[in-house]
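Breakdown of the fold
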Amino acid sequence: MSDALINGLAGAGGGIIAQLLTYPLQTVNTRQQTERDLKKEKRKLGTIEQMCQVVKQEGWGQLYGGLAPSLMGTAASQGVYYYFYQIFRSKAEATALAHKKNGIGDGSVGMFSSLVVAALAGCVNVLLTSPFWVVVTRMQTHTKTSKKSESIHSKLIAPDEVIPAAIEPPPFGTSHAIQELYGEGGVLGFWKGVIPTLIMVSNPSMQFMLYEKMLKKLKKRRALSKKDNGVTAFEVFLLGALAKLGATVVTYPLLVVKARLQAKQVTSGDKRQNYKGTLDAILKMIQYEGFYGFYKASEGDLWLSSSTSLGLREGSDLSMAA
C-alpha cells in the first residue's frame, strides 16, 4: 500500500471521529452564519442557548441534519487532501533532489515549497468535494416545523374534524437537498461558494507563518535573556492555538460568505437577502449588516478551531472549510 493511500485513509478516519464529536456545534454555527441581520442587531442567543432551542423546537435529530453526507464529505475531503498532498510532496522532494545534483539547494523541501504543496492539495480537495458541503449546508440550515407550533395548530382543529396527512411535512433528506440544488442551479449549483472556499485554502498557510514567527520571537527573547532556548510541549501547543485563532479571525468572513451562498437563497421579496455571487454577497452584507455580519457565530467557530488547533477540520482546514 502506497504512502499516499495510507495517509489518505488515516486522515479520513481521524476526520470522521472529529466530525461526530463536533457536529451539533457545527450545525448551530452554520445556522447562525446564515441568519440575516438587516437591522444590524447583535444575536441575542449564544451558541449553547441556540443549540438548546433547536433541540426544544425541532428535536435532537435536527442537530445532526446532514450528518450522513457530512461524514462522506469528511472521509472524501481528508482522503483526497492527504492523498494529493503526498503526491505533490513526493514530486517536490524529487525536484529538490534533482536541483541538489545540479548544485542548487541542499535537497530538502523549503518552507515556501511546502506551503505551495499544501495549497495545491487544498485546492484539489475543494474542487472535488465541494458538492458534499453544499448539500450539508442546505440540510443544516433547513428548519423543521416546531412541535410547539404543531400542537397549537392541532388545538384549533375541531375534535370531529379529520386531520389531513399533509400537515406533517416529509423529512428533508439528502435526496431532497440534491434535488433542490439541481433545480436552482443545475450541476454548477453544487459548487456554490467555491470561490471563497478556494481563498480559504490560505488559512493553514497563515497559521503556519504566524506559528513560525511567534516561535522565532520566543527563541530570540530567550537568547537575549540568556535562558534555555528549549521550547516545551505546552508552549508549542499554545503557539499553535494562537496561530490557529489568528488565521481564523482573518479568514472567518469568507467562511460566513461561503455559508450564505450555499444556503437556500431568498428568490422573492426582500432582494437584500438574495446573493448573486461572492462579490454581491460581500457588498450587501457590508451595506445592510455592517462588518459585524461577517463574524456571526465566530465564538463557536473559534471554540472549534482552538480544540483542533493542531489538527484539521471539515475536510480541509486544510481548506478551512470545504
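Residues numbered from 1 in each chain as written. Predicted model: local features only at pLDDT ≥ 70, side-chain atom pairs only at ≥ 80, totals over all residues. Heavy atoms only, no water.

In the annotation of an unreviewed UniProt entry, the protein is listed under the name Peroxisomal nicotinamide adenine dinucleotide carrier and assigned to Acer negundo. A UniProt comment under Sequence similarities (unreviewed entry) is attached to the protein, and it reads "Belongs to the mitochondrial carrier (TC 2.A.29) family." Per UniProt, the protein has the following entry under Subcellular location (unreviewed entry): "Membrane". (UniProt positions renumbered as here; feature names shortened; annotations may be inferred.)

Some thoughts on the packing of aromatic side chains
By the definition in use, this model includes seven aromatic pairs. When the ring of Tyr 81 is compared with that of Tyr 82, the centres are 5.4 Å apart and the planes differ by 85 degrees; the resulting orientation is edge-to-face. Note on Tyr 81: relative accessible area 8%, which makes it buried. Seen from their ring centres, Tyr 83 and Phe 84 are 5.5 Å apart, and the 85 degrees between their planes marks the pair as edge-to-face. On the basis of relative accessibility, which here comes to 35%, the residue Tyr 83 falls in the partly exposed class. A relative accessible area of 24% means that Phe 84 is categorised as partly exposed. Here the aromatic cluster, defined as three or more aromatic residues joined through ring pairs, consists of Tyr 81, Tyr 82 and Tyr 85. (Phe/Tyr/Trp six-rings, centres within 6.5 Å; stacked < 30°, edge-to-face > 60°. Buried < 20%, exposed > 50% of the residue type's maximum accessible area, 1.4 Å probe, protein only.)

Quick word on the UniProt feature "transmembrane region" (unreviewed entry) in the protein
When the UniProt feature table is mapped onto this chain numbering, "transmembrane region" (unreviewed entry) sits at residues 109–134 and 232–255. Each end of residues 109–134 is marked by a C-alpha atom, and these two atoms are 35 Å apart; helix forms 92% of the span and strand 0%. The span residues 232–255 shows a helical share of 96% and a strand share of 0%, and its end C-alpha atoms are spaced 33 Å apart. (Helix = DSSP H or I, 4+ residues; strand = E, 2+ residues; numbered from the N terminus.)

Some points on the pattern of salt bridges
Counted by the stated rule, this structure contains nine salt bridges. Where Glu 184 meets Lys 192, a salt bridge forms, and the shortest distance between an N and an O atom there is 3.0 Å. Look at the salt bridges and you will find they share partners, linking Arg 138, Glu 180, Glu 184, Lys 192 and Lys 264 into a network. (Salt bridge = Lys/Arg side-chain N within 4 Å of Asp/Glu carboxyl O.)

Let's talk about the nonpolar core
By size, the foremost hydrophobic cluster in this structure holds eleven residues: Met 200, Tyr 252, Leu 254, Leu 255, Val 256, Val 257, Leu 261, Tyr 275, Ala 281, Met 285 and Phe 294. Elements supplying a minimum of two residues to this core: α9 (233–262) and α10 (278–289). Filtering out sequence-adjacent residues up to four positions away, Tyr 275 remains in contact with Arg 36, Arg 260, Leu 261, Gln 265, Asp 280, Ala 281, Lys 284, Met 285 and Glu 289. (Core = buried A, V, L, I, M, F, W, Y, C linked by side-chain atoms within 4.5 Å. Contact = heavy atoms within 4.5 Å.)

Considering a positive patch on the surface
A contiguous patch of positive charge on the surface is contributed by Lys 213, Lys 216, Lys 217, Lys 220 and Arg 221. On the secondary structure map, Lys 217 appears in helix α8 (residues 202–224). (Patch = residues over 30% accessible without salt bridge, like charges linked within 9 Å, V, L, I, M, F, W, Y side chains within 5 Å. Areas by Shrake-Rupley, 256 points an atom, 1.4 Å probe, with all protein chains shown as cover. Lys, Arg positive; Asp, Glu negative; His and termini not counted. Charge placed at Lys NZ, Arg CZ, Asp CG, Glu CD.)

Some remarks on helix α3 (residues 67–101)
The end-to-end C-alpha separation of α3 is 50 Å, in line with the 51 Å expected for 35 residues at 1.5 Å each. Just downstream of α3 lies Gly 103, where phi reads positive at about 85 degrees. (Expected span 1.5 Å × (residues − 1).)

Quick notes on a nonpolar patch on the surface
Judged by side-chain polarity, Leu 127, Tyr 182, Val 187 and Trp 191 come together as a nonpolar surface patch covering roughly 400 Å² of accessible area. Along the chain, the position of Trp 191 falls in the loop between α6 (174–185) and α7 (194–199). Under the relative-accessibility criterion, Trp 191 is labelled partly exposed at 30%.

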